[in-house]
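Residue-level listing of the chains:
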Amino acid sequence: MLRFETAGESHGECLVATLVGLPAGIPISLENINRELWRRQQGYGRGGRMKIESDRAEIVAGVRHSQTIGSPVAILIRNKDWENWTEALPVEDVEGAGDKRKPVTRPRPGHADLAGAIKYNFHDARYILERASARETAARVAAGALAKAFLAEFRIQVLSHVVAVGGVRLERAATWEEIVALSQKDEVLLGCVDPDVEGRMKEVVDEAYRTGDTVGGVFEVVARGVPAGLGSHATWDSRLDGRLAQAIVSMQAVKGVEVGFAADGAASFGSKVQDTIHYDRDERQFRRGANRAGGLEGGITNGQDIVVRGLLKPISTLRRPLESVDLVTREPALAAYERSDVCVVPAAGVIGEAMVALVLAQAFLEKFGGDSLDETRRNLAGYLQQVRDF
Ligand SMILES: Cc1cc2nc3c(=O)[nH]c(=O)nc-3n(C[C@H](O)[C@H](O)[C@H](O)COP(=O)(O)O)c2cc1C
């Protein structure tokens with residue numbers, strides 16, 4: 001069973017990701033992991049933090065001579081900003097440390113600040129926001145890069161693009177080639193495959209900058225090359241659509257998820273929504289009339305592209321702060337402001353890729369198993385033969 005965990009706070013020493021259950025023999029390139037970390041930091045609308053941090057992964061366990069060895073993998077990503085927080089967030093409390101804290105007593109609506117402070121019994125939301133922050137997603141992306149490396153061995157690729165920023169929407173389907181080209185760019189604006197639509201998206205972000213506001217949107221993750229048969233209809237928690245939905249909604253600021261064209265489907269008649277089934281006798285293969293289901297039926301992959309969308313709310317920290325209440329005095333107060341992003345939809349797409357890759361790698365290993373890559377390959381080959389003979 002592939003498992004991953006992250007630890008680390010936004011202004012702490014570093015972030016940590018651990019991955020347990022990857023087979024031995026997967027080729028791992030630090031350059032590829034760092035490229036993913038770079039992609040997570042891009043996009044028009046990011047705050048000052050992204051200029052300070054230039055994330056780099058350090059693998060400290062589980063990879064030797066550029067390949068996994070079957071042991072747990074541990075990855076560190078250092079926080080460059082830590083040097084400014086050593087006195088505010090020391091590990092050991094020393095005399096006078098209390099005066100150097102940077103307390104947050106005016107919780108920001110839309111953040112974990114208030115709920116977390118009540119739950120963990122702190123009259124200062126600092127410790128809560130340090131962990132609730134999406135800085136944590138750098139560790140997810142690093143772990144996801146390893147899942148991607150594993151999937152790539154089976155020619156499975158996971159990429160993303162931006163479908164909407166605020167009210168500006170890409171009104172057509174993106175081709176796989178467009179999504180691939182986007183992922184290879186060295187400059188990222190808003191991650192939309194259509195330059196005209198992207199230009200209009202930028203205008204929305206500019207308006208948010210002008211007015212001290214923030215803006216959300218929708219990203220789409222597409223996984224290509226996934227074999228039919230991952231996940232299962234048999235139990236509620238083995239349904240892969242549900243597992244992907246949980247992975248996507250677990251992301252900070254993601255408030256909704258669509259598998260395939262769920263929202264359009266809900267507004268249509270059934271005859272317009274389901275993907276018809278055909279058979280190609282020459283190729284001895286089933287074919288589908290379309291892919292509105294997003295590659296999943298009954299919680300099982302059906303061999304088409306997996307298509308999952310995440311709906312991202314606008315960032316909660318506003319330069320024009322919202323009404324709040326001071327945790328200590330209980331007097332009305334404007335919410336705290338910390339340097340913040342204005343739009344993060346392209347970055348969220350990259351994090352979504354990592355989450356989808358991790359869930360797919362998990363489902364893949366559940367089905368095919370293997371302690372070494374060769375063993376996984378053999379198991380997959382046997383299954384694919386069964387599918388060909390079906
Ligand atoms: C890539 C990314 C970057 C984010 N950056 C910020 C930020 O700079 N400021 C902020 O207030 N929220 C930011 N968020 C959103 C918060 O982390 C999130 O809204 C908060 O943790 C509360 O969780 P919830 O919105 O899921 O309920 C970001 C989210 C993502 C995905």
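Residues numbered from 1 in each chain as written. Predicted model: local features only at pLDDT ≥ 70, side-chain atom pairs only at ≥ 80, totals over all residues. Heavy atoms only, no water.

> So what's going on with the overall build of the protein? Residues and values would help.
Along its length, the protein carries 11 helices and 17 strands. Rg of the C-alpha trace for the protein: 22 Å, near the compact-globule value of 21 Å for 390 residues, within the 12% margin. By principal-axis analysis of the C-alpha atoms, the protein measures approximately 75 × 50 × 40 Å. Here the protein, with 390 residues, has 50% of them falling under the buried criterion. Counting only contacts in the protein whose residues sit at least 6 apart along the sequence, the fraction spanning at least 24 positions is 71%. By element, 52% of the accessible surface of the protein is carried by carbon and sulfur atoms, the whole surface being about 19,500 Å². For the protein, the centre of its 49 positive side-chain charges and the centre of its 54 negative side-chain charges are spaced 2 Å apart. (Helix = DSSP H or I, 4+ residues; strand = E, 2+ residues; numbered from the N terminus. Rg over C-alpha atoms; globule rule 2.2 N^0.38 Å. Buried < 20%, exposed > 50% of the residue type's maximum accessible area, 1.4 Å probe, protein only. Contact = heavy atoms within 4.5 Å. Areas by Shrake-Rupley, 256 points an atom, 1.4 Å probe, with all protein chains shown as cover. Lys, Arg positive; Asp, Glu negative; His and termini not counted. Charge placed at Lys NZ, Arg CZ, Asp CG, Glu CD.)

> With reference to specific residues and values, describe helix α7 (residues 195-211).
Taking 1.5 Å per residue, 17 residues should reach 24 Å; α7 reaches 25 Å between its end C-alpha atoms and fits that length. For α7, the set of buried residues is Val197, Glu198, Met201, Val204, Val205, Asp206 and Ala208. On its buried face, α7 sits against β7 (157-165) and β8 (168-169). For α7, the capping residue at the N-terminal end is Asp194, with a side-chain oxygen 2.9 Å from the backbone nitrogen of Asp196. (Expected span 1.5 Å × (residues − 1). Polar contact = N/O pair within 3.5 Å; in protein donor to acceptor, adjacent residues only side chain to side chain.)

> I'd like to hear about the packing of helix α5 (residues 137-152) against helix α10 (residues 345-368), residue by residue, with values.
For the pair α5 and α10, interaxial distance at closest approach is 8 Å and the crossing angle is 45°. Our classification of the angle between α5 and α10 gives oblique. Considering only the axes of α5 and α10, their crossing is left-handed. Between α5 and α10, the residues in contact are Thr137, Arg140, Val141, Ala143, Gly144, Ala147, Lys148, Phe150 and Leu151 and Val350, Ile351, Glu353, Ala354, Met355, Ala357, Leu358, Leu360, Ala361, Phe364 and Leu365, respectively. Tallied by class, residues from the contact of α5 with α10 come to 15 nonpolar, two polar and three charged. (Axes fitted to C-alpha atoms, helices over the stretch in contact; angles between N-to-C directions. Parallel < 35°, antiparallel > 145°, perpendicular 65-115°, else oblique. Left-handed = near helix turned anticlockwise from the far one by under 90°. Nonpolar A, V, L, I, M, F, W, Y, C, P; charged D, E, K, R; others polar.)

> Please give an account of the site of the ligand that cites residues and values.
Residues in contact with the ligand amount to 16 residues; listed here are only the nearest, His111, Lys313, Thr317, Ser340 and Asp341. Residue Thr317 places a side-chain N or O atom 2.3 Å away from an oxygen atom belonging to the ligand. Here an oxygen atom of the ligand sits 2.8 Å away from a polar atom, N or O, in the main chain of Asp341. Taken by itself the ligand offers 630 Å² of open surface, and the protein chains cover 86% of this. Broken down by class, the residue content of the shell around the ligand amounts to seven nonpolar, six polar and three charged. (Near = heavy atom within 4 Å.)

> So, the packing of helix α1 (residues 30-40) against α10: which residues are in play, and what are the values?
Two numbers describe how α1 lies on α10: the axes approach to 8 Å, and their chain directions differ by 140°. Two secondary-structure elements touch here, α1 through Glu36, Arg39 and Arg40 and α10 through Ala347, Val350, Ile351 and Glu353. Of the residues assigned to the contact of α1 with α10, the class counts are three nonpolar, no polar and four charged.

> Now, about the side chain of Glu220: what can you tell me, with residues and values included?
Tracing the sequence through the fold places Glu220 in strand β9 (residues 217-224). In terms of polar contacts, Glu220 uses its side chain to reach the side chain of His161, at 2.8 Å. In terms of polar contacts, Glu220 uses its side chain to reach the side chain of Arg309, at 2.7 Å. Those residues in contact with Glu220, other than ones at most four positions away along the chain, are Leu159, Ser160, His161, Val163, Val307, Val308 and Arg309.

> Run through the pairing of β9, naming residues and quoting values.
The side chains of a regular strand alternate, residue by residue, between the two faces of the sheet. Counting buried residues along β9, seven of its eight residues qualify, which places the element largely inside the surrounding structure. In the sheet, β7 pairs with β9 via eight bridges, with the strands oriented antiparallel. Residue pairing across strands places Val158 opposite Ala223, the latter belonging to β9. Alignment of β9 against strand β15 (residues 306-312), held across seven bridges, turns out to be antiparallel. When the bridges of β15 are listed, Val221 appears paired with Val308. (Pairing = 2+ DSSP bridges.)

> For the environment of Leu37, give the residues involved together with the corresponding values.
Residue position: Leu37 is located in helix α1. Measuring from C-alpha to C-alpha, the distance between Leu37 and Ala173 comes to 27 Å, with 136 residues separating the pair along the chain. The contact partners of Leu37, leaving out residues within four places of it in the chain, are Asp55, Arg56, Ala57, Ile77, Ala138, Val141 and Ala142.

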